[in-house]
Every structure is written in C-alpha cells, then in structure tokens.
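Descriptive analysis of the structure
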Amino acid sequence: MWARIQEKIGYTFRDPELLKRALTHPSYLQDRPEALESNQRLEFLGDAVLQLVLSEKLYCAYADLREGELSRKRSNLSKGAFLSQLARELEVDKALRLGQSEESQGGRNRDSNLEDALEALIGAVFLDSTFDRAREVVLGWFGNLEERLATTQPVDNPKGRLQERVQPRFGNQALRYESHHVAGEDHAREYEATVFINDRPMGTGRGTSKKLAEEAAAAEALGQAIDFSD
C-alpha cells in the first residue's frame, strides 16, 4: 500500500512515518493508541503550503487579473469538493487508515476525510523535503491549472459560505464588511471591500459594485489558512 500511494503522488518519502501519519485519520487512534498522532497537525501545515503554492502559481500565470479574481480561482482550486476529487484521483481513499467505526460509516468515501488527508500529505511532503520540492509535487497533481479551473464550478455565494463558517465559532456580529468607491466614473465604477472577523481584516477584493467587491473579499478570506473550527 505504501509503495502504491507514493507512486501515485509522485514522491518517495525519506521518512515513511510522515507518510503514515498523513494518512492516519483521528479515528484510527481510538483503536490503536500506539499510533500516537493523527494527520490533523499535518493538515494544518499542508493547507498553508497549498495556499502559498496556488497563490504563487496563479499570480505568475494570470498577470492581468486583479486580486479578487485571483482569490476566486484559488478558492475554486482549494475548496473541499475539488480537493476530495483530486484525492480520489491519487487513490488517497484506498490508503487512508481509519478506525473501525469510521470505516463502517463510510469514512473512506467521505469528502472531508479525503480533503484533510490530501492537505496532510502536502504538509508531510513539505517536512520531508523542501518548499520547492513540495511545490513541484503539488503542481504535478493539479496539472494544467487552466484546464482544472474550466472543470470547477464558481464559488457559490462566498459571503454566505463565510458566514456559515464564522458564525458557529464567533457569533452573528463577528463578521462585517467595509466598502468604498476607489476608481472610475459613474458608468464604470470600481469598488474595494474588506471583510473583518472580530475587527481583524481577513480579505480584500474589488468589483464593479459593492456586492461584487464584498464577494471577492469573502472569497479571499475563504482561501486563507484560517481555523474556523471550535
């Protein structure tokens, strides 16, 4: 199994324990506490590495796009549905280590488990090598970004999605937007908006209306490596 997954991801680990940890769901520890650690910490690291890899690649590939549009593309490439699809292509589902309960409940096919494991693999590759090597491996998984983006659905209602993630932890009043006119005459105005979570700026975007600017800001915030969990 370990040889197969390394062949699929295009990377051979110097430290095989990192690979095993990346593919260890928290439920696995309930049955085998000797495993010591699940993939949650590696997932945290891998998410940050992924955001940087995609940000750099999109920045260089789309020199004519503004920040908000770049954020939208990055969000489409790093959202859960897309990452779980990519994980299946790499056969991460077949290599996951799950507890019996999670296995019996269909955990091997659960999108959230696959997304987490893929991000953990990115973190593991980064720790096992260098950022340059991790970038090479990750971009190899994605292939042609333009073709990938053509198959992804636009981010639906990023403001709503951000609200859904922020509200359970921080409450209804934690999220606010500030927008203002920055350029253009009345017939071609451009607005810039910033989204704040507990008065901390978390994303900025531009658009031809306040609504579009706020959506771009929300999309950027969703693309950040932010822990919205309890």
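Residues numbered from 1 in each chain as written. Predicted model: local features only at pLDDT ≥ 70, side-chain atom pairs only at ≥ 80, totals over all residues. Heavy atoms only, no water.

1. Some points on the overall build of the chain
Broken down by element type, the chain carries 13 helices and 3 strands. For 230 residues, the compact-globule formula gives about 17 Å, and the C-alpha radius of gyration of the chain, at 19 Å, lands near that figure. When its C-alpha atoms are laid out on the principal axes, the chain stretches across 65 × 40 × 25 Å. Within the span of the chain, comprising 230 residues, buried residues form 45% of the whole. Of the contacts formed within the chain by residues at least 6 apart in sequence, a portion of 57% connects residues at least 24 apart. Carbon and sulfur atoms form 46% of the exposed surface of the chain, whose accessible area is close to 12,100 Å². Between the mean site of the 31 positive side-chain charges and the mean site of the 39 negative ones, the chain shows a separation of 1 Å. (Helix = DSSP H or I, 4+ residues; strand = E, 2+ residues; numbered from the N terminus. Rg over C-alpha atoms; globule rule 2.2 N^0.38 Å. Buried < 20%, exposed > 50% of the residue type's maximum accessible area, 1.4 Å probe, protein only. Contact = heavy atoms within 4.5 Å. Areas by Shrake-Rupley, 256 points an atom, 1.4 Å probe, with all protein chains shown as cover. Lys, Arg positive; Asp, Glu negative; His and termini not counted. Charge placed at Lys NZ, Arg CZ, Asp CG, Glu CD.)

2. Here's the deal with the pattern of salt bridges
For the coordinates displayed, the defined rule picks out 21 salt bridges. With a closest N to O distance of 2.5 Å, Arg 135 and Asp 132 form a salt bridge. With Arg 135 and Asp 132 both in helix H10 (residues 131–142) and 3 residues apart, the pair spans about one turn of that helix. Salt bridges linked by common partners bring Arg 4, Glu 7, Glu 91 and Lys 94 together as one network. (Salt bridge = Lys/Arg side-chain N within 4 Å of Asp/Glu carboxyl O.)

3. Observations regarding unusual backbone geometry
The backbone phi angle of Asn 198 is positive, close to 50°, even though this residue is not glycine. Here Asn 198 falls in the partly exposed class, since its relative accessible area comes to 45%. Within the chain, Asp 199 stands out as a residue other than glycine whose phi angle is a positive 65°. For Asp 199, a relative accessible area of 58% corresponds to the exposed category.

4. Points about the sheet that holds strand E1 (residues 175–183)
Strand order in the open sheet formed by 3 strands is E1-E2-E3, and the pairing between neighbours is antiparallel. Lying at the two open borders of the sheet, with one neighbouring strand each, are E1 and strand E3 (200–207). Between one strand axis and the next, the sheet turns by 20° as a mean value, whatever way the strands run. Bridge analysis of E1 against strand E2 (residues 190–197) gives 8 bridges, and the strand direction is antiparallel. By the bridge assignment, Glu 178 is partnered in E2 with Thr 194. Contacts from helix H12 (residues 158–170) reach E1 and E2 within the one sheet, and its direction differs from that of E1 by about 145°. (Pairing = 2+ DSSP bridges. Axes fitted to C-alpha atoms, helices over the stretch in contact; angles between N-to-C directions.)

5. Notes on the confidence of the model for the chain
In this model, the chain carries a mean pLDDT of 88, and residues with pLDDT of at least 70 account for 93%. Summarising per-element confidence for the chain, the mean pLDDT is lowest in H12 (82) and highest in H10 (97). (pLDDT = per-residue confidence, 0-100.)

6. A word on the packing of aromatic side chains
Within this structure, the stated rule accounts for 2 aromatic pairs. Look at Tyr 11 and Phe 13: their rings are 4.9 Å apart centre to centre, the planes differ by 90°, and that puts the pair in the edge-to-face class. Residues Tyr 11 and Phe 13 agree in their burial class; the two are buried. The ring of Tyr 177 carries the charged tip of Lys 159 above its face, separated from the ring centre by 4.7 Å. Between the NZ or CZ atom of Arg 176 and the centre of the ring of Phe 196, over which it lies, the distance is 4.2 Å. (Phe/Tyr/Trp six-rings, centres within 6.5 Å; stacked < 30°, edge-to-face > 60°. Lys NZ or Arg CZ within 6 Å of the ring centre and 35° of its normal.)

7. Focus: helix H6 (residues 80–89)
For an α-helix, 3.6 residues make a turn, and residues three or four places apart therefore share a direction. Inspection of H6 places Phe 82, Leu 83, Ser 84, Leu 86 and Ala 87 among the buried residues, and these make up the whole buried set. Among the structural elements, helix H4 (40–61), helix H5 (67–78), helix H7 (92–95), helix H9 (111–128), H10 and helix H11 (145–151) are those in contact with the buried residues of H6. Just downstream of H6 lies Glu 91, where phi reads positive at about 60°.

8. Some details on the packing of H4 against H10
For the pair H4 and H10, the least separation of the axes is 10 Å and the interaxial angle reads 75°. Relative to H10, the element H4 is oriented roughly perpendicular. Residues Val 49, Leu 50, Leu 52, Val 53, Leu 54, Glu 56 and Lys 57 of H4 form the contact with H10, whose participating residues are Phe 131, Arg 135, Val 138, Leu 139 and Phe 142. Its residues placed into classes, the contact of H4 with H10 shows 9 nonpolar, no polar and 3 charged. (Parallel < 35°, antiparallel > 145°, perpendicular 65-115°, else oblique. Nonpolar A, V, L, I, M, F, W, Y, C, P; charged D, E, K, R; others polar.)

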